Amino acid sequence: MRKKTGRILAACLGALLLFVCWLIWSPVRGVPVLEYHMTGDDALPDELPYIVPQADLAAQLDYLQAAGYTTITMRDYLAARQGEYTLPAKPVILTFDDGYEDNYTVLLPELEQRGMCATVYVVTNDVGLDRYLTWAQLQDMQRRGIEIGGHTADHLPLTTLAPEEQERQLRLSRQLMEMYGLQAVVSFSYPNGAYDEAIAQRVREAGYQTAVTGDAGLNQPDTNPYELQRINVAHPRFGLTEFRLRLLKGEIMTKLHWHQHKI
Ligand SMILES: [Zn+2]
C-alpha cells in the first residue's frame, strides 16, 4: 500500500516538474509591451514605485538589444496587424504612461543612443505642469521618432465616470493633441488600467485603434486590440534579474491564458 502511494506521489511530482519546465522553457509567440512611467533619478517618495532610474533603464535597454529585440511603436504594431508592416523577428514595444518630463530629458537620449523608439501616453491636462512634458517637447519627441498616444484629459479611471464624461475625456484629449500638431492619435492607454467592454467600445468610437491595459501577458494575433496586455516594469529592487523575471512572467501568463476575450 505504502509502495503504491509512493509511486503515485512520484508520478505527481514528475508531472508537476514537466509542467514547470513547459511553463518556463517552451517557446511562446507574441509581442511584449513593456509598461513604464518615470525614468530618472529624482522621484518624490510616493513616486518611487513608478520610477526606473537611468542606470537601470540603460541596463534594460542594453539587455533587450543584446537579446535580439527590436523596438517598434504601437502604431507600427497596429500597421502590422493591418497587414501594412512586417514585424521584426523579435519585436518589443516600450510604453511610458502619464507624460513625465524625464521621458524627454532622460529616456529620449538613451533611446537615441541605441536607435530605439517608444510610445508615450499623455494626460493632456497635465501637459506643461511641473515635472510633466510640454507641448514643445512632445512635438520634438514626435519629430524624433517617438509616438505620442492618449491617456485621457484628467487621468480619472474611466470605470468611475458616467458614459458622457468618459466620451468627453477621450475626445477632448485626442482633439487637443491634434490641435497642438501631434500626428493623428491612434493609440490609447486606460488610466489605472481600468476598462470594461462598453469603455473599450467608446475608445474605438473616439478614433483610437489600439488600447493597452495593465493586464499581464504578451500579445498574439487574436488578442483584442482594445485589450492589449503589458508587462509592468516597476522600480527595480533586484536589478536586471528582476527585469528578466518580469519578461518571463509575461510569457508564463500568456501560456496560462487559455481563452482570449473578444469584443
Ligand atoms: Zn497613468
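Keep in mind the model is a prediction, meaning the values are calculated, not measured.

A. Looking closely at the packing of helix 2 (residues 54-66) against helix 4 (residues 102-113). Two elements in contact, helix 2 and helix 4, have axes whose closest approach is 11 Å; the angle formed by their N-to-C orientations is 25°. Classified by the interaxial angle, the pair formed by helix 2 and helix 4 is roughly parallel. Note that helix 2 runs across helix 4; the crossing there is right-handed. Between helix 2, through Gln-54, Leu-57, Ala-58 and Leu-61, and helix 4, the contact on the second element is made entirely by Val-106, Leu-107, Glu-110 and Leu-111. For the contact of helix 2 with helix 4, the residue count by class is 6 nonpolar, 1 polar and 1 charged.

B. Representation of helix 7 (residues 197-205) in the model. Among all positions of helix 7, only Ile-199, Ala-200, Arg-202 and Val-203 are buried. Summarising the axial view, the buried residues of helix 7 lie within an arc of 160°, below the 170-degree limit, and thus occupy one face. The inward-facing, buried residues of helix 7 abut helix 6 (163-179), strand 6 (187-189) and strand 7 (210-216). N-cap assignment for helix 7: the residue whose side-chain oxygen lies 3.1 Å from the backbone N of Ala-198 is Asp-196. Backbone geometry just after helix 7 places Gly-207 at a positive phi near 105°.

C. Structural detail: the pattern of salt bridges. According to the stated counting rule, one finds 12 salt bridges in the structure shown. Residue Glu-178 is joined to Arg-174 by a salt bridge in which the shortest nitrogen-to-oxygen separation is 3.7 Å. Separated by 4 residues within a single helix, Glu-178 and Arg-174 lie in helix 6, roughly one turn from each other. Residues participating in the shared-partner salt-bridge network are Glu-112, Asp-140, Arg-143 and Arg-144.

D. Expanded view of the environment of Asp-98. Mapped onto the fold, Asp-98 is located in strand 3 (residues 91-98). C-alpha of Asp-98 to C-alpha of Pro-53: the two residues are 45 residues apart in sequence and 17 Å apart in space. Contact partners of Asp-98, with chain neighbours within four places excluded, come to His-37, Tyr-121, Val-122, Val-123, Tyr-132, His-151 and His-155. At 3.4 Å, the side chain of Asp-98 and the side chain of Tyr-100 are in polar contact. A distance of 2.9 Å separates the side chain of Asp-98 from the side chain of His-151, its partner in a polar contact.

Rules behind the numbers
- Residues numbered from 1 in each chain as written.
- Predicted model: local features only at pLDDT ≥ 70, side-chain atom pairs only at ≥ 80, totals over all residues.
- Heavy atoms only, no water.
- Axes fitted to C-alpha atoms, helices over the stretch in contact; angles between N-to-C directions.
- Helix = DSSP H or I, 4+ residues; strand = E, 2+ residues; numbered from the N terminus.
- Parallel < 35°, antiparallel > 145°, perpendicular 65-115°, else oblique.
- Left-handed = near helix turned anticlockwise from the far one by under 90°.
- Contact = heavy atoms within 4.5 Å.
- Nonpolar A, V, L, I, M, F, W, Y, C, P; charged D, E, K, R; others polar.
- Buried < 20%, exposed > 50% of the residue type's maximum accessible area, 1.4 Å probe, protein only.
- Arc of directions from axis to C-beta.
- Polar contact = N/O pair within 3.5 Å; in protein donor to acceptor, adjacent residues only side chain to side chain.
- Salt bridge = Lys/Arg side-chain N within 4 Å of Asp/Glu carboxyl O.

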